[in-house]
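Okay, here's what each chain looks like letter by letter:
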Amino acid sequence: MTHLLTMFFNISVLFLVLIVTMSLVADARPATFLQDFRITWSDSHIRQLDGGRAIQLVLDQNSGCGFASKSQYLFGRVSMKIKLIPGDSAGTVTAFYMNSDTDQVRDELDFEFLGNRTGQPYSVQTNVYAHGKGDREQRVNLWFDPAADYHTYSILWNHHHVVFSVDEVPIRVYKNNEGRGVPFPKFQPMGVYSTLWEADDWATRGGLEKIDWSKAPFYAYYKDFDIEGCQVPGPKTCASNPSNWWEGASYQQLDPVAARRYRWVRMNHMVYDYCTDKSRYPVTPPECVAGI
């Protein structure tokens, strides 16, 4: 009898472990495209690959394309692996960003990948809109070929700062300096968006390099879609919950390794910083003085 009870107990435990494992797998990240996203612009130019685990974005003379998350989020982290347009991509912009989708008082966190002539470095431009105020562009030349393989681009957003990272290397930090009168995005939930479009009036060398349509169509690839954050609508206490992992002590500031990498990027790969552009800002913007 004891032997049968032991067997029954062991089988029950195994069954419970199996159920929990299946539950974790069902909720595993990264997600497929259609789990979290919808096509917003030109569905004929977005193709699902590998059973929806990856997608291809297409730009030709007829259209670009775009997609957006089905939900909005207030704080958290979003990341994707992206393989950018190879070869001559001058005049194209591949964008990955968060946006509050509000007309007047917009919050937005931008990655914009600016196409190039063959052999020239790809630049990534970041921008931060807080309470409707933007024009905070920084540009970094990537230290690798982002069209040769997938690389991970992520935005961490918590009450303390916004961190833009490339393969876990911080390339920009926008700190919460509300105490010094600097606006910080913390009230409006934001959706996650991406677009591939023509912008040859400004994207490459300030618009000097135009798109070469003989090279079209242009392709960008995405996979490993990962959104972790407070979904809106959702539990109202989520965004203010200090136990959310992205609000943890290790995410409130850069650790020494990340800080060293961040300094390396700024010293060796930054090619434009609005903070030092005296032609645009004779008076240094307050967030630059406070430390960004």
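Each value, and the rule that gives it
Residues numbered from 1 in each chain as written. Predicted model: local features only at pLDDT ≥ 70, side-chain atom pairs only at ≥ 80, totals over all residues. Heavy atoms only, no water. Pairing = 2+ DSSP bridges. Helix = DSSP H or I, 4+ residues; strand = E, 2+ residues; numbered from the N terminus. Axes fitted to C-alpha atoms, helices over the stretch in contact; angles between N-to-C directions. Contact = heavy atoms within 4.5 Å. Buried < 20%, exposed > 50% of the residue type's maximum accessible area, 1.4 Å probe, protein only. Phe/Tyr/Trp six-rings, centres within 6.5 Å; stacked < 30°, edge-to-face > 60°. Lys NZ or Arg CZ within 6 Å of the ring centre and 35° of its normal.

1. Some remarks on the pairing of strand β2 (residues 46-49)
Then comes step 1: With four bridges connecting them, β2 and strand β3 (residues 54-59) associate as antiparallel partners. Within β3, the residue paired with Q48 across the bridge is I55.
Then comes step 2: Between β2 and β3, which pair antiparallel one after the other, the connecting turn spans four residues, and D50 there sits at a positive phi close to 50 degrees.

2. Observations concerning the sheet that holds strand β6 (residues 92-99)
Then comes step 1: The strand order β1-β4-β13-β6-β7-β8-β9-β15 describes an open sheet built from eight strands, whose pairing is antiparallel. The open sheet terminates on both sides in strands that have one partner only, identified here as β1 (37-41) and β15 (270-273). Looking at each pair of strands side by side, their axes are set apart by 15 degrees on average, direction ignored.
Then comes step 2: Across four bridges, the pairing between β1 and strand β4 (residues 65-69) is antiparallel. Along β4, the bridge assignment pairs W41 with G66.
Then comes step 3: Strands β9 (138-141) and β15 of the sheet are contacted by helix α3 (residues 256-268), whose axis makes an angle of about 85 degrees with β15.

3. Concerning unusual backbone geometry
Then comes step 1: For the peptide bond that leads from A216 to P217, omega is 0 degrees, which places it in the cis range.
Then comes step 2: Assignment of secondary structure puts P217 in the loop between β13 (191-198) and β14 (218-232).
Then comes step 3: Each neighbour pair has its own omega, and for V232 with P233 the value is 0 degrees, a cis peptide bond.
Then comes step 4: By the secondary structure assignment, P233 is in the loop between β14 and α3.
Then comes step 5: Not every positive phi belongs to a glycine, and D101 is a case in point at roughly 55 degrees.
Then comes step 6: Structurally, D101 is set in the loop between β6 and β7 (108-114).
Then comes step 7: Given a relative accessible area of 57%, D101 falls into the exposed group.
Then comes step 8: Unlike most non-glycine residues, D167 shows phi in positive territory, near 50 degrees.

4. Considering the sheet that holds strand β11 (residues 161-166)
Then comes step 1: Read from one edge to the other, the open sheet built from seven strands follows the order β2-β3-β14-β5-β10-β11-β12, with strand pairing classed as antiparallel. Every interior strand has two partners, whereas the edge strands, β2 and β12 (169-175), have only one. In this sheet, adjacent strand axes meet at a mean angle of 20 degrees when their direction is disregarded.
Then comes step 2: Where strand β10 (residues 151-157) lies against β11, five bridges are found, and the strand directions are antiparallel. Bridge pairing in β11 places I155 opposite F164.

5. A few points about the packing of aromatic side chains
Then comes step 1: Enumeration according to the criterion identifies 21 aromatic pairs in this entry.
Then comes step 2: With a centroid separation of 5.2 Å and 85 degrees between ring planes, the pair formed by F33 and F67 is classed as edge-to-face. Of this pair, F33 sits in helix α2 (residues 33-36) while F67 sits in strand β4; the two residues are 34 residues apart in sequence, bridging distant segments of the chain. The exposure classification of F33 matches that of F67, with both residues buried.
Then comes step 3: With a centroid separation of 5.0 Å and 70 degrees between ring planes, the pair formed by W245 and Y251 is classed as edge-to-face.
Then comes step 4: Residue classification places W245 among the partly exposed positions, given a relative accessible area of 28%.
Then comes step 5: Relative accessible area serves as the criterion here: at 32%, Y251 is assigned to the partly exposed category.
Then comes step 6: In textbook terms, an aromatic cluster arises when at least three aromatic residues are bridged by ring pairs, as seen for F33, F37, F67, Y222 and F225.
Then comes step 7: A cation sits over an aromatic face here: K83 above Y221, 5.4 Å from the ring centre.
Then comes step 8: The aromatic ring of Y150 is capped on one face by K223, whose charged end is 4.4 Å from the ring centroid.

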